[in-house]
Every structure is written in structure tokens, then in C-alpha cells.
Amino acid sequence: ESQDPEWVGSPIVRYENAGLMKRFVFAATRPGLFTISKEVMTAMEEMKPILGLETAIYTHGFPKPDNYQLALEMEEMARQHGAVPATIGILNGKILIGMEPEQLKELTESAGSENTHKISRRDLAYHIGAAGPLLNGGTTIAGTILISSLTGIRVIATGGLGGVHKGGENSLDISADLTELSRNQIAVVTSGMKSFLDTPRTMEFLETQGVFVSTFGNKTEKVDIPGFFSRESGYPSPYVVESPEEAARIFFANGRLELGSGNLFFNPIPEEYEIPKSEMDPIIASAVEKSSSITGKDNTPAVLNEIVKQTEGRSIEANRQLVLNNAKVGAQLVVELQRLEK
Ligand code: PSU
Ligand code: MN
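J.: Outline the overall build of the protein, supporting the account with residue identities and numerical values.
T.: Scanning the protein from terminus to terminus reveals 14 helices and 11 strands. For 342 residues, the compact-globule formula gives about 20 Å, and the C-alpha radius of gyration of the protein, at 19 Å, lands near that figure. Across its three principal directions, the C-alpha atoms of the protein cover 55 × 55 × 35 Å. By the burial criterion, 49% of the 342 residues in the protein qualify as buried. A sequence separation of at least 24 residues applies to 76% of the contacts in the protein between residues at least 6 apart.

Okay, here's the thing in C-alpha cells:
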């Protein structure tokens, strides 16, 4: 049991947090740009803990109709642990922050259609401003961080982080998730970078960009950066954090220091669902090889598809379980953060 630092709850902290209100105002004063669901709007007004959720995982990761079920389960998991879920995405040319079940259904069912895209920073303005048919989009971690940050949402839960791709030193394929993390004060709960990325280069990039990287575990043990489907990656985590409460304190300190950069909290897949590294390694190698001719934003979905095939669907269940567990931990983190800020 650790005690709160003495600055928790002081008048000066309350004064600093008044800045948060400005961001809610940003969303509220831009009519037509964001559509905030009733549930999320009420949570904003009442300063309740809000957990941001991405949607590229539904439009470009999970097969239909499981993607819709998962989206509902993610929201329910957040609610069960005291947070209001804000599922973020683009539907018919509008940025949604929080979705009604029918909207979630429409977006997830549109996965795979030619007007449903994967949305990162560079894609955002086009999808709400372009002429032509109304577009849909699943926001990546990068897109979700960006939109969350504009609207005062500080914690997001997700599955797998983008990173530096293998061979990235030549292709320059480096996920915008990393740069977005470096420029926004957001806490992201994820189970590792996607298994087929270049872990050490991704870590170097994050270090240069000043992003705090940690993994949930026991400080007295050696803890790896998790390998997504596996708990191990062979690469040590620079920091170990023991609980969502501790994560909230670190992120809170990050905010008080106005570092401007994000925090990564890796949450390893629960043991009972992991696919051991020894089993995954050859599958990943072959999936990457088979998808090597597909470049840009289509590479990630192609590799993931190949992994699903080669694990005969086990990777889907592993992914589902880890992402649900992240929604739980993300909710606990934001609940604790809100307590510290009061
Ligand atoms: N997990 C999946 N499918 C995905 C992603 C994660 O099962 O498509 C997404 C996440 O949204 C992540 C993004 O932010 O892939 C990174 O893609 P890229 O490497 O193109 O930046
Ligand atoms: Mn990329």
C-alpha cells in the first residue's frame, strides 16, 4: 500500500486541472466537427472518468461480425470498472466520440468496404472535408490519441501498438502511433507492439521521442516488453509498473510537469490465453515474408490476416482476450487518475 504524494488534492493541483476544461470547450464549440454521444457528453459535464477506445481494430483487425460483438464488450468492460467508454471513429464524414450501438454496428459492418478507411493524423481532415461519398474510418491508436487529446480524454485502451517495421531503416515504415504518442499527453494501455515489428528499433525511436515506456509486472522480477500474443519478447522493459494506481500517479506527474508527451503502459496478455513465443516466432516470420510485397497502411492488416490463417484462428481469441483486459486496466487507470485530480 503506497500513500499519495503530498501534492495530491492541493488547491494548486485543482487550479492546474482547470486547464482540462478548456479542451472540453474545444469540442463543444466546434459544431459539426465532433459528434459526442449523450453518455460521453454527460461524463464530460460531470467530470467522470472517460476511457477512449480505438476503432481500426474493428475495421481493419477483427473479422465481421465478431468486431461488433467485441466493440460492445469493450464498452461494457470499461463501464464495469467505473469508466465511461468513448469509442472514437468516423461515420459518414463525422468524427464520433462515443457511439450508440446502431452507430457501432454501422461502422463495424462497413469494415472491408471501399469507403471505410484506416485513420491516422494525415487522413483526418480529408475524411471530414473531401467532396464525394461520405466516408467511414476506424481510427488507429495515432488517430485516437489525436482526437482524444483535442477533447480532454487522457487514457485509451487498445490492442497492439504500431511501431518500426522490420526493414524500416530502408522503407521508413514507422507507425504514426509513435510520433502521436510523443506529441500528446496521453496514457495508452496496450499489450505490446504488434508481434511482427522491429522491437529494439521501436524502443529506440520512443526513447528519442521522450515517450515513457513501462510494463505491468513485479519490480523484483525481470520483465520483458510483452510480445503481444506472447508475454515475452526477449527485450527487457525499461520500466516496470505494478498497478493501474501506480500508472495513474506516473501519468499524473507527467501532466503536472507538462512534459507534453505520452506514457505507454504495456499490459501483457493474460497467461491462460498466450501463444508461446516459440510457437509464434516461425508463424510471424512466414506471415511477414508472405506480405512483404504489400506496403504502406495495408501491410499491417495483411500480416494480421496471414497470422489468423496460420494459427487457425487462435490469434483472434488471444487478441480478443488481451484487448478486453486492456479495457479493464485502462478503466482502472483513469478512475484512479480522476481520484488524484480531485
Ligand atoms: N490491431 C489489429 N489491427 C489493426 C491495428 C491493431 O488487430 O489494424 C491497428 C492499430 O489501430 C494501430 C495500427 O494503431 O494498426 C497501426 O498501423 P500502422 O502500422 O499502419 O501505423
Ligand atoms: Mn506504417
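J.: Can you explain helix α12 (residues 277–290)? Please cite residues and give values.
T.: For α12, which comprises 14 residues, the first-to-last C-alpha distance of 20 Å matches the rise-based estimate of 20 Å (1.5 Å per residue) to within 8%. Buried residues of α12: M280, I283, I284, A287 and V288, and no others. The arc that holds every buried residue of α12, seen down its axis, measures 135°, which confines them to one face. Across from the buried face of α12, at angles greater than 90 degrees, the exposed residues are S278, P282, A285 and E289. For α12, the elements touching its buried residues are α13 (299–310).

J.: Lay out the nonpolar core in plain terms, naming residues and giving numbers.
T.: Counting 90 residues, the largest nonpolar core has I50, L51, A86, V188, F265, L333 and V334 as the members making the most contacts within it. The biggest single contributor to this core is helix α14 (residues 314–341), with 11 residues. If near-sequence neighbours (up to four positions away) are discounted, V188 is found in contact with I141, I156, T158, L181, G262, L264 and F265.

J.: If you had to explain α13 to someone new, which residues and values would you point to?
T.: For α13, built from 12 residues, the straight-helix expectation of 16 Å at 1.5 Å per residue is met to within 8% by its first-to-last C-alpha distance of 17 Å. Listed in full, the buried residues belonging to α13 are T300, V303, L304, E306 and I307. The buried residues of α13 occupy one face: seen down the axis, they fall within an arc of 160°. Tucked inside the fold, the buried residues of α13 contact α12 and α14. One or two residues past the end of α13 sits E312, with phi positive at roughly 50°.

J.: Summarise the site of ligand 1; cite the residues concerned and give the values.
T.: What surrounds ligand 1 is a group of 19 residues, the closest being A56, G61, I141, G162 and S175. Looking at the shell around ligand 1, the elements with two or more residues in it are α3 (56–60), α7 (141–150), α9 (176–183) and α13. Tallied by class, residues from the shell around ligand 1 come to 7 nonpolar, 9 polar and 3 charged.

J.: Tell me about the pairing of strand β6 (residues 136–139), residues and numbers included.
T.: Neither face of β6 is exposed, since N136 and G138 on one face and G137 and T139 on the opposite face are all buried. Both strand β5 (residues 116–119) and β6 contribute to a ladder of 4 bridges, which runs parallel. Bridge assignment links K118 to a residue of β6, and that residue is G138. Following the backbone out of β5, through helix α6 (residues 121–129) and into the adjacent parallel β6, one traces a crossover that is right-handed.

J.: Any details on the environment of R154? Residues and values, ideally.
T.: Here R154 is to be found in the loop between α7 and β7 (155–157). Classification of R154 as buried rests on a count of 26 C-beta atoms within 10 Å. Along the backbone, R154 and L337 are 183 residues apart, and their C-alpha atoms lie at a distance of 9.4 Å. Those residues in contact with R154 that lie beyond four places of it in its chain are I186, A187 and L337.

J.: Account for the pairing of strand β2 (residues 50–53), with residues named and values stated.
T.: With burial as the criterion, each face of β2 is covered, one bearing I50 and G52 and the other bearing L51 and L53. Relative to strand β3 (residues 84–91), β2 is paired through 4 bridges, and the arrangement is parallel. The residue bridging G52 from the neighbouring strand is A86, located in β3. As paired elements, β2 and β7 share 3 bridges and run parallel to each other. In the strand pairing of β7, L51 is matched with V155.

J.: Before we move on, can you summarise the environment of T87 with the specific residues and values?
T.: Looking at the element boundaries, T87 is found in strand β3. Each C-alpha atom, one on T87 and one on E54, is 6.2 Å from the other, the two residues being 33 residues apart in sequence. Here T87 is in contact with L53, T55, A71, E75, G98, M99 and L104, once residues within four sequence places are set aside.

J.: Kindly report on the confidence of the model for the protein, identifying the contributing residues and their values.
T.: Mean pLDDT over the protein: 93, with 97% of residues reaching 70 or higher. Here the prediction assigns the complex a pTM of 0.94, and the interface score ipTM is 0.95.

J.: Can you break down unusual backbone geometry residue by residue, with the values?
T.: Note the cis peptide between K64 and P65, where omega equals -5°. Position of P65 among the secondary structure elements: in the loop between α3 and α4 (66–80). Phi at M47 is positive, roughly 55°, even though this residue is not glycine. Mapped onto the fold, M47 is located in the loop between α2 (38–45) and β2. By the C-beta count within 10 Å, which is 15 here, M47 ends up partly exposed. The backbone of L172 shows a phi angle near 60°, a positive value even though the residue is not glycine. Along the chain, L172 falls in the loop between α8 (168–171) and α9. We classify L172 as exposed; it has 9 C-beta atoms within 10 Å.

The rules behind each value
Residues numbered from 1 in each chain as written. Chains lettered and ligands numbered in written order. Predicted model: local features only at pLDDT ≥ 70, side-chain atom pairs only at ≥ 80, totals over all residues. Helix = DSSP H or I, 4+ residues; strand = E, 2+ residues; numbered from the N terminus. Rg over C-alpha atoms; globule rule 2.2 N^0.38 Å. Buried ≥ 20, exposed ≤ 12 C-beta atoms within 10 Å, placed from the backbone. Contact = placed C-beta atoms within 7 Å. Expected span 1.5 Å × (residues − 1). Arc of directions from axis to C-beta. Core = buried A, V, L, I, M, F, W, Y, C linked by C-beta atoms within 7 Å. Near = placed C-beta within 6 Å. Nonpolar A, V, L, I, M, F, W, Y, C, P; charged D, E, K, R; others polar. Pairing = 2+ DSSP bridges. Right-handed = clockwise from strand over helix to strand, strands pointing away. pLDDT = per-residue confidence, 0-100.

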